[in-house]
Amino acid sequence: MSKRVNLLNRNEFILIMAVLMSITALSVDAMIPALGQIALDLNVSDANAIQLVISAIFLGMAFGLMIYGPLADSVGRKKAIYLGVSIFLSGTLICIFATNLETMLLGRAIQGFGSAACRVVTMAIIRDKYEGREMAKIMSLIMMVFIMVPALAPLLGQGILVFYSWQAIFWFIFTFALVGVIWMHFRQRETLASENVRNFTFASFLSGLIETVKHPVSLGYTLASGIMFGSFVSYLSTAQQIMEVQYRLGNLFPAYFGLLAIAYGISSYLNSKLLLKFTMEQICLFFLSLQVVISIGFLTLSVMTGGDLTFHIFYPYMAATFFCLGSIFGNFSSMALQPFGHMAGLATSVISAIQTLLAVLVSGIIGQSYNGTVQPMIAGFLICGIVTLLIFLSIKNRSITASK
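Residues numbered from 1 in each chain as written. Predicted model: local features only at pLDDT ≥ 70, side-chain atom pairs only at ≥ 80, totals over all residues. Heavy atoms only, no water.

**Some remarks on the overall build of the protein**
Logical step 1: Of regular secondary structure, the protein possesses 16 helices and zero strands.
Logical step 2: For 404 residues, the compact-globule estimate of 2.2 N^0.38 gives 22 Å, and the protein sits close to it at 20 Å.
Logical step 3: Of all intrachain contacts in the protein linking residues separated by at least 6 positions in sequence, the fraction that spans at least 24 positions is 86%.
Logical step 4: When the accessible surface of the protein is summed, it comes to about 16,200 Å², and 68% of that surface belongs to carbon and sulfur atoms.
Logical step 5: Of the side-chain charges in the protein, 22 are positive and 15 negative, and the distance between the mean point of each set is 12 Å. (Helix = DSSP H or I, 4+ residues; strand = E, 2+ residues; numbered from the N terminus. Rg over C-alpha atoms; globule rule 2.2 N^0.38 Å. Contact = heavy atoms within 4.5 Å. Areas by Shrake-Rupley, 256 points an atom, 1.4 Å probe, with all protein chains shown as cover. Lys, Arg positive; Asp, Glu negative; His and termini not counted. Charge placed at Lys NZ, Arg CZ, Asp CG, Glu CD.)

Here's what the structure looks like:
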């Protein structure tokens, strides 16, 4: 009976963490089908400028990530999430009543700043309860549940647009976040141990930041995941232009977008099973190498066909790429955070902020190079994959040398 209760508690924990982590994903993916209508209503003339509605939330998040970790180490995990969700809800209201692109971007940045709490503090809560391979396994299960949000969010957004305006999507997001934080309030206990409470001072923050970035293995995994995440964000920013406009999928776009998310989710679930037989390093090496090989093949095919691919060729490439990424991100985050159990909140803040800022920079470069073909996208995934693989191999070699 006790074992069953523990299993139920673990499953509810996974669901609560997945819902909180999904707030940002819902804010991004549910809006993608509405980007064309938002551009019309806000009089956005530059086709690539509307990508900023997606990237602005990640930019705001990058700055928020630096705050909530130290705050969570000081006042507790739950209070930090309360503050973050309150800010997120304020940003959502600004977006609802925006009448120009500048106001919309301000609201999106505030949304990102607030939702950063849900990303960084949930990671700290998970680290409070688990570590090492068990943490990676829990992360994979959370990601499996979490991925259903980006899988269904575009369909949800498209469905709302059939009956209502794009503002109604923001109202749904507002309600989702509110329900999530209420659920956490009543069902999740505070996980910050009294001996790990740290005063929220500039000196302690600076000390923790230096300790985090000076750890070569942690910094390496942080940079590697940030670069790879940048290619992923570039796809999110250009998905509407590529799928709905370039390939003219129309109302089928959300369904195709969601299927890619499911490929990511399947890979995350597979990763939780592979961890029973293989190390995180072995799994990452395999899927990183596979992603690079696949990208080389499809980029070559793109060049041979005059710079573009038909949808029936491009889509399998994206499905294969998403499948590879699903077994990389969770493991990288776990390995980057592993040395910092004594300050999980602050370390998660620093690691996540660096990852996100780097991802915004990389995605901006790839996204703004969009020229009506998918070649810049595939080239971006390839370059990011190669750089990430080189960083990973460097970390691996350093670890082997240190163990001798």
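On we go from here.
**With respect to the side chain of Gln-246**
Logical step 1: Within the secondary structure layout, Gln-246 lies in helix H10 (residues 216-246).
Logical step 2: Of the polar contacts made by the side chain of Gln-246, one reaches the side chain of Tyr-370; its length is 2.7 Å.
Logical step 3: With residues up to four places along the chain from it excluded, the contact list for Gln-246 reads Gln-241, Asp-308, Tyr-370, Gly-372, Thr-373 and Val-374. (Polar contact = N/O pair within 3.5 Å; in protein donor to acceptor, adjacent residues only side chain to side chain.)

**Concerning unusual backbone geometry**
Logical step 1: At Asn-43, a position not held by glycine, the phi torsion is positive, near 60°.
Logical step 2: Structurally, Asn-43 is set in the loop between helix H2 (35-41) and helix H3 (52-75).
Logical step 3: For Arg-248, which is not a glycine, the phi torsion comes out positive at approximately 55°.
Logical step 4: Tracing the backbone through its elements, the reader meets Arg-248 in the loop between H10 and helix H11 (253-274).
Logical step 5: Judged by its relative accessible area of 73%, Arg-248 falls in the exposed class. (Buried < 20%, exposed > 50% of the residue type's maximum accessible area, 1.4 Å probe, protein only.)

**A few points about the environment of Gln-111**
Logical step 1: Take Gln-111: it is sitting in helix H5 (residues 101-129).
Logical step 2: Distance in space between the C-alpha atoms of Gln-111 and Ser-90 is 7.5 Å, their sequence separation being 21 residues.
Logical step 3: Setting aside residues up to four positions removed in sequence, Gln-111 forms contacts with Ser-27, Ile-57, Phe-88, Gly-91, Thr-92, Cys-95, Phe-170 and Ile-173.
Logical step 4: Here the side chain of Gln-111 touches Arg-108 through a polar contact of 3.0 Å, side chain to side chain.

**Quick notes on the packing of helix H4 (residues 77-96) against helix H8 (residues 166-187)**
Logical step 1: Relative orientation of the contacting elements H4 and H8 amounts to 170°, with a least axis distance of 10 Å. In terms of orientation, H4 and H8 fall into the roughly antiparallel class. For the pair H4 and H8, the contacting residues are Lys-78, Ile-81, Tyr-82, Val-85, Phe-88, Leu-89, Thr-92, Leu-93, Cys-95 and Ile-96 in the first and Trp-166, Gln-167, Phe-170, Trp-171, Ile-173, Phe-174, Ala-177, Leu-178, Val-181, Met-184 and His-185 in the second.
Logical step 2: In terms of residue class, the contact of H4 with H8 is made up of 17 nonpolar, three polar and one charged. (Axes fitted to C-alpha atoms, helices over the stretch in contact; angles between N-to-C directions. Parallel < 35°, antiparallel > 145°, perpendicular 65-115°, else oblique. Nonpolar A, V, L, I, M, F, W, Y, C, P; charged D, E, K, R; others polar.)

**Section: the nonpolar core**
Logical step 1: Counting residues in each nonpolar core, the largest one holds 127 residues, and the members touching the most others are Phe-58, Met-104, Ile-126, Tyr-235, Phe-314 and Phe-332.
Logical step 2: Among the elements that line this core, the one with the most residues is H10, at twelve residues.
Logical step 3: In this structure Phe-332 touches Tyr-221, Ala-224, Ser-225, Cys-284, Leu-288, Thr-388 and Phe-392, once residues within four positions along its chain are discounted. (Core = buried A, V, L, I, M, F, W, Y, C linked by side-chain atoms within 4.5 Å.)

**A look at the environment of Ile-160**
Logical step 1: Inspection of the secondary structure puts Ile-160 in helix H7 (residues 148-163).
Logical step 2: A relative accessible area of 13% places Ile-160 in the buried class.
Logical step 3: The sequence separation of Ile-160 and Ser-334 amounts to 174 residues, and the corresponding C-alpha distance is 36 Å.
Logical step 4: In contact with Ile-160, other than residues within four places in its own chain, are Ser-165, Ala-168, Ile-169 and Phe-172.

**A word on the packing of H10 against helix H13 (residues 311-325)**
Packed helices, taken two at a time, are described by the angle their axes make and the gap between the axes.
Logical step 1: Contact geometry of H10 with H13 gives a least axis separation of 12 Å together with a crossing angle of 150°. Judged by the angle between their axes, H10 and H13 are roughly antiparallel. By crossing handedness, the relation of H10 to H13 is classed as left-handed. Note on element contacts: H13 touches H10 through Phe-311, Phe-314, Tyr-315, Met-318, Phe-322 and Leu-325, opposite Met-228, Phe-232, Tyr-235, Ile-242 and Met-243.
Logical step 2: Within the contact of H10 with H13, the residues separate by chemical class into eleven nonpolar, no polar and no charged. (Left-handed = near helix turned anticlockwise from the far one by under 90°.)

**Quick look at the pattern of salt bridges**
Logical step 1: If you walk through the whole model with that rule in mind, you get two salt bridges.
Logical step 2: Linking Glu-12 and Arg-187 is a salt bridge whose minimum nitrogen-to-oxygen distance equals 2.8 Å. Here Arg-187 lies in helix H8 and Glu-12 lies in helix H1 (residues 2-29), a separation of 175 residues in the sequence.
Logical step 3: Its salt-bridge partner being Asp-73, residue Arg-77 comes within 2.6 Å of it at the nearest N-O pair.
Logical step 4: Overall, the relative accessible area of 2% leaves Arg-77 in the buried class.
Logical step 5: For Asp-73, a relative accessible area of 2% puts it in the buried group. (Salt bridge = Lys/Arg side-chain N within 4 Å of Asp/Glu carboxyl O.)

**Some thoughts on the packing of aromatic side chains**
Logical step 1: By the definition in use, this model includes 22 aromatic pairs.
Logical step 2: Arranged with centres 5.3 Å apart and planes meeting at 50°, the rings of Phe-232 and Phe-322 form a pair that is tilted. Taken together, the residues span a long stretch of sequence, with Phe-232 in helix H10 and Phe-322 in helix H13 at a distance of 90 residues.
Logical step 3: Given the relative accessible area of 4%, Phe-322 is considered buried.
Logical step 4: The rings of Phe-58, Phe-229, Phe-232, Tyr-235, Phe-253, Phe-257, Tyr-264 and Phe-322 are connected pair by pair, giving a single aromatic cluster. (Phe/Tyr/Trp six-rings, centres within 6.5 Å; stacked < 30°, edge-to-face > 60°.)

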